[in-house]
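Structural overview for review
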Amino acid sequence: MQLRYNFRAYPDAAQRRALDRAFGCARVVWNDCLRDRKEAHAAGLPYVTSAQLSRLRITEAKRTEERAWLADVSAVVLQQSLRDLDTAYKNFFDSLKGKRQGRKVGPPRYKSKKDTRQSIRLNTNAFSLKENGTVYVAKVGDLKVKWSRRLPAAPTSLTVTKDSSGRYFLSFVVDTEPDILPEAETESGIDLGLSAFAVLSDGRKIDSPRFLRRAEKKLKRLQRDLSRKAKGSKNRAKARIKVARQHAKVADRRRDWHHKVSTQIIRDSQAVYVEDLAVSGLGRTRLAKSVHDAGWSAFVRMLEYKAVKHGRTFVKVGRAFPSSQVCSACGFRDGPKPLHVREWTCKKCGTVHDRDHNAARNVLFEGRRIVAAGRAETPNASQSAGKTRTKVPAQRVEAGSPRKGHTTQAGIPGPQAREHVNWWENVPGGVPGRAERHGRGM
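Now for a description of the structure that goes with this document. (Residues numbered from 1 in each chain as written. Predicted model: local features only at pLDDT ≥ 70, side-chain atom pairs only at ≥ 80, totals over all residues. Heavy atoms only, no water.)

Bringing the pairing of strand 8 (residues 168-175) into the picture now. By the criterion of burial, strand 8 is predominantly enclosed, with 7 of the 8 residues buried. Two elements, strand 1 (residues 2-9) and strand 8, share 8 bridges in a ladder whose sense is antiparallel. Looking at strand 8, one finds that Tyr-5 is bridged to Phe-172. Here 7 bridges tie strand 7 (residues 155-162) to strand 8, and the two strands are oriented antiparallel to one another. Bridge pairing in strand 8 places Thr-159 opposite Ser-171. Adjacent in sequence and paired antiparallel, strand 7 and strand 8 are bridged by 5 residues, among which Gly-166 carries a positive phi angle near 85°. (Buried < 20%, exposed > 50% of the residue type's maximum accessible area, 1.4 Å probe, protein only. Helix = DSSP H or I, 4+ residues; strand = E, 2+ residues; numbered from the N terminus. Pairing = 2+ DSSP bridges.)

Here it is in structure tokens:
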């Protein structure tokens, strides 16, 4: 399986200029190749192949006067930009043909130099890890990196990113084997909500930290200052950076908290069942700000890939399942209830239910039924479980450090893994976690 490790980088002034050149050249190659394919399609000509685009827009373009500056950056950056365009087209065509699951994917679009987030991708030919803890990037130099942990294996690719607040990050993709945890005795059904972030089937409630709501007062002040600056002025650019940094702090705290809670749930539960919520639809209602502040989709994705990594069972229960309408004691369907009803009594058996706890228990029962019906595979279903290389897309960040005894790559500095501490009852609501203290943007 593939995991992604994200670390904060601190380039100097010359390296920042070199990275800006690389971002710009990759963007120009993307736009030139995309334009050629769109013009060919509009003219009824055959699809322009990657080999033709590579020769025309990279090799021959470097010899022209208007594109001679493409030679100032690594050729790997330019070739990888073309590969990314091919991937975007493949995802678009697969989505049209129904081969790609999930939401429909639109065609590739042009990139703008005004985008606040820029990135380049490199393979192993264009970067290397040094013994002194720096990372060499071709035609950029040795980048200083804040290592928060060791990599479990040699990275296969590197993405250099500049975010909207001006921070630089190095994201390594690593091929590694699943880290199977000892088998647990419990299973958990999870009901996600707004009053409480999550309620587990055993009755535990996880309060929502509401990171955005708590930072709203300062964000309003910074946004008000930004709106008063003249467009195009340097003061407006400075004010925009302040707003972006405050939003980045909120996102980092939320992501760090998500990782802590999801890791604890995976460690404690052999199987995790969660309801498949229509987050995109809820994000267009009057509850939109609270829904986005909760970050349910990111949390569920963390549960999913960590379940694969640690050999746990993960099942999504369909959003049409009436978890809040069915009595978890007798199975009687009592009908829909408005959101303000937080406690109700079953008309058949007389059991008094907490709305969220009852829904979590129903999600647990439905998840077990799905597994028993064979519609979801469990990692313990065969003797080869945990031994095969599971294909999992690399997440943007993977929280947690390798436990003691696990192999690490020599030459990459980082603290040793700590012993696990049961912190469940004291999950910090707004205190920056270990990842944030080390400067890792998650």
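Another aspect to go through is the nonpolar core. Counting 48 residues, the largest nonpolar core has Ile-120, Leu-122, Val-135, Leu-158, Val-160, Leu-170 and Phe-172 as the members making the most contacts within it. With 11 residues, the single largest contributor to this core is helix 1 (residues 13-42). Apart from residues no more than four positions distant in its own chain, Phe-172 is found in contact with Leu-3, Arg-4, Tyr-5, Phe-7, Phe-127, Leu-129, Val-135, Trp-147, Leu-151, Pro-155, Ser-157 and Leu-158. Membership of the second largest hydrophobic core comes to 26 residues, among which are Leu-219, Val-291, Ala-294 and Leu-303. (Core = buried A, V, L, I, M, F, W, Y, C linked by side-chain atoms within 4.5 Å. Contact = heavy atoms within 4.5 Å.)

Turning our attention to the packing of aromatic side chains. Scanning the entire structure with this criterion turns up 11 aromatic pairs. With centroids separated by 6.3 Å and ring planes inclined at 70°, the aromatic side chains of Tyr-47 and Phe-93 adopt a geometry described as edge-to-face. Highlighted residues: Tyr-47 in the loop between helix 1 and helix 2 (50-59) and Phe-93 in helix 3 (residues 75-97), separated in sequence by 46 residues. Among the residues examined, Phe-93 registers a relative accessible area of 33% and is labelled partly exposed. The rings of Phe-7, Phe-127, Trp-147 and Phe-172 are connected pair by pair, giving a single aromatic cluster. (Phe/Tyr/Trp six-rings, centres within 6.5 Å; stacked < 30°, edge-to-face > 60°.)

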